[in-house]
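One letter stands for each residue in the lines below.
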Amino acid sequence: MSLPLKVGDASVFHPDAPEEIHRALVSLTVPYVDFDEHNCDGIIVVHQDVAEDVRALFEEMQRRRFPLASVIPASDPRFAWSDEKMMAADNSSGFNYRTIAGTDRLSYHAYGRAIDLNPARNPYIREGRIEPQGATYDLDRPGTISADSFIVAFLESRGWTWGGRWTEPIDYQHFQKP
């Protein structure tokens, strides 16, 4: 189910994000399988232009039993818009009004045009520093994304870019679509 968001909904909107960004966002209730093999529902906020891709991806991940730790919006009080807290919790997410790490440029997450999947299993690596702290990239662990993963093929066939193909930084959790 896709729900258009209402301006002023403090539970989803970032106070610094412009209204035109908020108007373009939708909240998707998506199915997923957790690491205990339970069927779950999560909520991910994305730009309306990528909503159908994201919905179809989550349905395919559930069908193939690809596990996710959680799917909770960045606005949730447990995270309070903190990318670091979401990564440490291994939370999969979409919209987060923030800049690209180490820059003053807005991330694709700030427009709802990026998603991160299982960040503690698919870390961000820059100049030898791994985030989140303690994360490991082990292709034998469930929930890890590799270059030959159906997730990469699925999203790239729809015009998305995978951060695991970048050389510096490498961002195994990250997918974005212009």
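Scoring rules and cut-offs
Residues numbered from 1 in each chain as written. Predicted model: local features only at pLDDT ≥ 70, side-chain atom pairs only at ≥ 80, totals over all residues. Heavy atoms only, no water. Core = buried A, V, L, I, M, F, W, Y, C linked by side-chain atoms within 4.5 Å. Buried < 20%, exposed > 50% of the residue type's maximum accessible area, 1.4 Å probe, protein only. Helix = DSSP H or I, 4+ residues; strand = E, 2+ residues; numbered from the N terminus. Contact = heavy atoms within 4.5 Å. Pairing = 2+ DSSP bridges. Salt bridge = Lys/Arg side-chain N within 4 Å of Asp/Glu carboxyl O. 1 Å grid on protein atoms, 1.4 Å probe; cavity = no way out; pocket = protein on both sides within 12 Å on 5 of 7 lines; lining within 4 Å. Points joined across faces, edges and corners; volume = space filled by probe spheres on them. Nonpolar A, V, L, I, M, F, W, Y, C, P; charged D, E, K, R; others polar.

In this section: the nonpolar core. Grouped together as the largest cluster of nonpolar side chains are 28 residues, with contacts concentrated most on Phe58, Ile115, Leu117, Ile151 and Phe175. Broken down by secondary-structure element, the contributors of at least two residues to this core are strand 2 (25-33), strand 3 (39-47), helix 2 (51-63) and helix 4 (150-156). With sequence-adjacent residues up to four places away left out, Leu117 is seen in contact with Leu57, Phe58, Met61, Leu68, Ser92, Asn122, Ile145, Ile151, Gln173 and Phe175. Membership of the second largest hydrophobic core comes to 13 residues, among which are Ala17, Ile21, Ala74 and Phe79.

Before going further, it helps to spend a moment on the sheet that holds strand 7 (residues 124-126). In space, the three strands of this open sheet follow the order 8-7-10, with antiparallel pairing throughout. One side of each edge strand has no neighbouring strand; the edge strands of this open sheet are strand 8 (129-131) and strand 10 (170-171). Two strands pair when backbone bridges link them, and strand 7 and strand 8 are joined in this way by three bridges, in the antiparallel orientation. When the bridges of strand 8 are listed, Arg126 appears paired with Arg129.

Taken together, three strands build an open sheet; the order of strands is 6-11-9 and the sheet is antiparallel. Lying at the two open borders of the sheet, with one neighbouring strand each, are strand 6 (114-116) and strand 9 (161-162). Looking at chain direction, strand 6 and strand 11 (residues 174-176) are connected through three bridges and run antiparallel. Bridge assignment links Ala114 to a residue of strand 11, and that residue is Gln176.

Relative to the helices and strands, Asn96 is located in the loop between strand 5 (91-92) and strand 6. With relative accessibility at 1%, the residue Asn96 sits in the buried group. Ignoring anything within four residues of it in the chain, the contact list for Asn96 reads Ala74, Trp81, Asp83, Met86, His109 and Ala110.

Taken as a whole and assessed by the stated rule, the structure comprises twelve salt bridges. With a closest N to O distance of 2.8 Å, Arg129 and Glu131 form a salt bridge. Arg129 gets classed as partly exposed once you look at its relative accessible area, which sits at 41%. Its salt-bridge partner being Glu156, residue Arg165 comes within 2.7 Å of it at the nearest N-O pair. On the basis of relative accessibility, which here comes to 45%, the residue Arg165 falls in the partly exposed class. Taken together, the salt bridges that share partners define one network made up of Asp53, Arg158 and Lys177.

We now examine the layout of surface pockets. Each pocket or cavity is described by its volume, and for the largest pocket that value is around 440 Å³. Mapped by element, the contributors of at least two residues to the lining of the largest pocket are helix 3 (83-88), strand 7 and strand 11. Its residues assigned to classes, the lining of the largest pocket shows seven nonpolar, six polar and eight charged.

The next thing to look at is unusual backbone geometry. Looking along the chain, the bond that leaves Glu131 and enters Pro132 is cis, with omega of 0 degrees. Between Glu168 and the following residue, Pro169, the backbone shows a cis peptide bond with an omega angle of -5 degrees. Look at Ala80: it is not a glycine, yet its phi comes out positive at around 45 degrees. Within the secondary structure, Ala80 sits in the loop between strand 4 (70-71) and helix 3.

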